[in-house]
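Chain by chain, the residues run as shown.
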Amino acid sequence: MISLGKSLEQVRVQLEAESAAGTTVTGYDHRHGHKVESSEDAFQGAWKTSIKMLAEAIGDLGKVSEAIGAGAKAIDSEVANAANQAAGNLSQFNFHI
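Here the residue numbers are simple positions, counted from 1 along each chain's written sequence. pLDDT decides what is reported in this predicted model: residues at 70 or higher carry local features, side-chain atom pairs at 80 or more are listed and counted, and totals for whole chains, interfaces and linings draw on all residues regardless. Values shown for side chains rest on all heavy atoms present in the structure; no hydrogens or waters enter the calculation.

J.: So what's going on with the pattern of salt bridges? Which residues, and what values?
T.: By definition, a salt bridge exists where a carboxyl oxygen of Asp or Glu is found within 4 Å of a side-chain nitrogen of Lys or Arg. Inspection of every chain in the model, using the stated rule, returns 3 salt bridges. Linking Glu9 and Arg12 is a salt bridge whose minimum nitrogen-to-oxygen distance equals 2.3 Å. Taken together, the residues span about one helical turn, with Glu9 and Arg12 both in helix H1 (residues 2-20) at a distance of 3 residues. Judged by relative accessible area, which is 27%, Glu9 ranks as partly exposed. With relative accessibility at 19%, the residue Arg12 sits in the buried group. Glu16 is the partner of Arg12 in a salt bridge, and the nearest nitrogen-oxygen pair spans 2.7 Å. Placement of the pair is Arg12 and Glu16 together in helix H1, with a separation of 4 residues, close to one helical turn. With a relative accessible area of 39%, Glu16 lands in the partly exposed category. Residues participating in the shared-partner salt-bridge network are Glu9, Arg12 and Glu16. Runs of H or I in DSSP of at least four residues are treated as helices and runs of E of at least two as strands, each being numbered from the N terminus. Residue burial is assigned from relative accessible area. The probe radius is 1.4 Å, only protein chains are included, and a residue is buried under 20% of its type maximum, exposed over 50%, and partly exposed in between.

Okay, here's the thing in structure tokens:
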């Protein structure tokens, strides 16, 4: 789970980098340039918002995954320590009465 969380964080970083790397086409069409520019602005606004929301969701999922992994690791460690202590206590017990 910790590894998954770190991988999701890398995906989030890549998404944010890609969203900043868009290419604008403003100014290429002198005849209908205002229509192209208006359409481009609307598309980029919606696209960047969607990518931003996706990146945030992936980042949050990564954080949750890492927290679950860390919690499971801590619980496993405590259970293992308790089992070792119980085994040590049993090994010292004299079964001959």
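J.: Quick one: what's the story with the side chain of Ser65, residue by residue and with numbers?
T.: One can find Ser65 in helix H2 (residues 33-92). Whenever two N or O atoms come within 3.5 Å, that pair is a polar contact, provided that in protein one can donate a hydrogen and the other can accept it, and provided that, for residues adjacent in sequence, both atoms are side-chain atoms. In this structure the side chain of Ser65 is engaged in a polar contact, spanning 2.6 Å, whose partner is the backbone oxygen of Met1. Here Ser65 is in contact with Met1, Ile2, Leu4 and Gly5, once residues within four sequence places are set aside. Pairs of residues are marked as contacts when any of their non-hydrogen atoms sit within 4.5 Å.

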